[in-house]
Amino acid sequence: MPLRKILIVDDSQLLHKMYDLIFVKLKMSGTGVVHANNGQEAFTQLHQHSDIDIILLDINMPVMSGLEFLQLLRKNAAFDKVKVIIISTEGKEHDINKGLEMGAQAYITKPFQPSEIIALVLKLTSTAPPSPSPGGIPSR
Amino acid sequence: MENEEIFSELLNFFLGESQERLETIESLALSTAEASPERKKEIKDEIKRELHTLKGNAGMMGFSELREEIHGAETFVLGTELDEQGLKEILARIESIRRGLKKHSPDKGEEDSDASAGQLYQLSSVRISFDELERILERMSDILVLRNRMLETLGACRESIGDKIEVFETPALNLNKALTVLTKDILRLRLIPLDLIQLPLKKIVFEESAKRKKKARLEMQGLGESLDKSVFDVINEVLGHIVRNSIAHGIEDPAARAAKGKDETGTIIVSVRTLLEEIVITVTDDGKGIDEAQIIEKAKSLGVEVNSFQNALDIIFSQGYSTAEEVDISAGRGFGLSAVQLAVSRIGGRVSVQSEKDRSTTFMIRLPLNLTIITAMLFKVGELTVAFPVSSVVHVERTREKALHSVNNSYVYLWNGQSVHLLDLRELLSGKGDHGAGGFVVIIKSEEKQKALLLDDVRNIEDIAVRKNDLALDNSPYFSACTILSDGRVGLIVDPSLIIEKTASVDPQSTAP
């Protein structure tokens, strides 16, 4: 699976800035990074950029929560191939389980190290077969 | 990017953004005092949202202790009524979170040394220190002097070089333009928006009123200004103290005020006005005023030399009197009104007080501006260019001969239904004027007074930088400074208040019954 563009959905400016810094190397090798502050903006971005391969989705957002967004996303077959990583906070196993059921491919809990999220993104979108990794991708 | 690099880049962003967020929360909290119950609920929700985001960010940065503290604040806001007690608690928690943030700040060493008693606003670190900026300005001054010499030499060579002078003129003028722009840019770097003072002052009003069991509200005027750092620093230091003083000694308690027929809530107005050469700050409260007799009594009992004061009210600024009285205000810090006077006079300013018994007390601080950038409208008077601050220009028009009248030994100009005293600037400046024949009339104003000035032509509007100490014009009664304009010419800057004041004696309007 290619990694042409990453969509970040999060209501915190700090997080957006962080992801920009984290993905600097990826950006230099041609991967695009687009941002959305809420679910609605996320859909706008998805329609504008047809090459989004993976979404980093913050669970905890006002107005439309991450899970609500995910539900709407999976209703639309056009986005079936887009991978989703749920970004959650510690102690919210319920959210994580629900998210995985609703069609997310992986999860990560805050706070996390930059290297962890990079590894997760690459694993999900690489052509290499998935290998067991510490709490990121559930083996089906 | 490595993990640590990302972290430290994010840290500055996090700290700056969090500081802003904390200030937003404080502003919101303080605004509940005069809010309706519906608005209070809205404010509560807004504060909760801000705290929630702040918490998430702190967590993301790995600051778990801070995150816990913010979580505690969030929980508290959920359950509070947003009454005075609740408000106090919120502000206290915000302050505590702020201290928690400071612990993670990379330059916390510098911050501590900045925190002196009385500082209202903690300036965040700047990339270039103001000392360095000052040195750059001095270098700039030197360059400007060299530029002036060059222009003078150029002028002197005109005769001997003849037409060939053109070869030098264009590069010289371009250089001049570039230097002028650069000077203005540097001067602008020193400007700090006065608005920054508002929130800290509001907090002081809140704290002191609660402490003294009085009710007071703060109104600020003239906050649109930005001040040079040297002036801002002084204001930063002294305003808080004067406001505390107003609440402690000026504003009466609610019962006493009601008995006098006043609103139970006292009003303190802080007003800032920038005049051409100075800035005037007044703090007026509608309290009980200063009882001169009482001051003198107390001064005598404290052993203060009462007779050396021309104005009895000035006693409150004296060393012996103020430190004794102010100990209780500043909880032992001993930062009295005498320190206010010291701070102000250190930069060549003056502080004074006036009062009306039972009605009001007004503190006035005058600070000289030794550098300003003014937006000026330029006019031609013969060979000279004259500049007026745009705020003083009321009207400009071609001279209407029919509006010119001679009254006694003076002239007036009929404009807008008024007879305005007319001065021929051409005569004033070069001795050659005839009060008529062509040109333009400019109506200028200062305070409520107006004057009509006759001159030759209108030029343009420009921002000019004025540094008083190298541009003094001692023998001119009307002009406050001169400057080099963008075309390399010398411009004379008019101080409207001076010109109006100094020609008042020959103003037919003022002598009319």
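Thresholds, definitions, all that
Note that residues are indexed from 1 along each chain, following the sequence as it is written. Lettering of chains starts at A and numbering of ligands starts at 1, both following the order in which they are written. Confidence filtering applies because this is a predicted model: local features only for residues at pLDDT of at least 70, side-chain atom pairs given and counted only at 80 or more, and all residues used for totals across whole chains, interfaces and linings. Excluding hydrogens and water, the side-chain figures rest on all heavy atoms present in the structure. In this text, helices come from DSSP runs of H or I with a minimum length of four residues, and strands from runs of E with a minimum of two, each type numbered from the N-terminal end. Contact between two residues is taken to exist if any of their heavy atoms lie within 4.5 Å; hydrogens are not considered. Only the protein chains shown count as cover for residues, and all accessible areas are computed by the Shrake-Rupley method using a 1.4 Å probe. When two parts are brought into contact, each loses some accessible area as probed by a 1.4 Å sphere; the total of that loss over both is the buried area. N or O atoms within 3.5 Å of each other form a polar contact, as long as, within protein, one can give a hydrogen and the other can take it, and as long as residues adjacent in sequence are counted only when both atoms are side-chain atoms. For every residue, the predictor states its confidence as a pLDDT score lying anywhere from 0 to 100. Note on geometry: axes are lines fitted to C-alpha atoms, helical ones only across the stretch in contact, with angles between N-to-C directions running from 0 to 180 degrees. Convention used here: angles under 35 degrees read as roughly parallel, angles over 145 as roughly antiparallel, angles from 65 to 115 as roughly perpendicular, and any remaining angle as oblique. Rotating anticlockwise by less than a right angle from the far helix to the near helix defines a left-handed crossing, while the corresponding clockwise rotation defines a right-handed one.

Focus on the overall build of chain A
Inference 1: Looking only at helices and strands, chain A features 6 helices and 5 strands.
Inference 2: Counting from the amino terminus, helix and strand elements in chain A follow one another as β-α-α-β-α-β-α-β-α-β-α.
Inference 3: Across chain A, contacts joining residues at least 24 apart in sequence account for 64% of those joining residues at least 6 apart.
Inference 4: Split by element, the accessible area of chain A, about 7000 Å² in all, is 53% carbon and sulfur.

What about the interface of chain A and chain B?
Inference 1: In this assembly, 16 residues from chain A lie in contact with 13 residues from chain B.
Inference 2: For the pair chain A and chain B, the two sides together bury roughly 1500 Å², of which 70% comes from carbon and sulfur.
Inference 3: Among the residues of chain A in contact with chain B, A:Leu14, A:Lys17 and A:Leu21 are the three that bury the most area, contributing 40% of the side total.
Inference 4: Counting across the interface, chain A meets chain B through 1 residue pair in polar contact (both at pLDDT 80 or more).

Some words on the confidence of the model for chain B
Residue and element names in this part refer to chain B.
Inference 1: Mean pLDDT over chain B: 79, with 83% of residues reaching 70 or higher.
Inference 2: Note that residues 109-117 has pLDDT below 50 and, in this model, 11 contacts with residues that lie over four places away or in other chains.
Inference 3: Scored below 50 in pLDDT, residues 330-334 makes 6 contacts in the model with residues more than four places away or belonging to other chains.
Inference 4: Predicted complex metrics record ipTM = 0.72 and pTM = 0.50.

A look at the packing of helix α1 (residues 3-30) of chain B against helix α2 (residues 37-60) of chain B
Residues and elements named next belong to chain B.
Inference 1: As a packed pair, α1 and α2 sit with axes 10 Å apart at the nearest point and diverge in direction by 165°. For the element pair α1 / α2, the angle class is roughly antiparallel. Along this stretch, α1 crosses α2, giving a crossing that reads as left-handed. Contact residues: Phe14, Glu17, Ser18, Arg21, Leu22, Thr24, Ile25, Leu28 and Ala29 in α1; Arg39, Ile43, Glu46, Ile47, Glu50, Leu51, Thr53, Leu54, Asn57 and Ala58 in α2.

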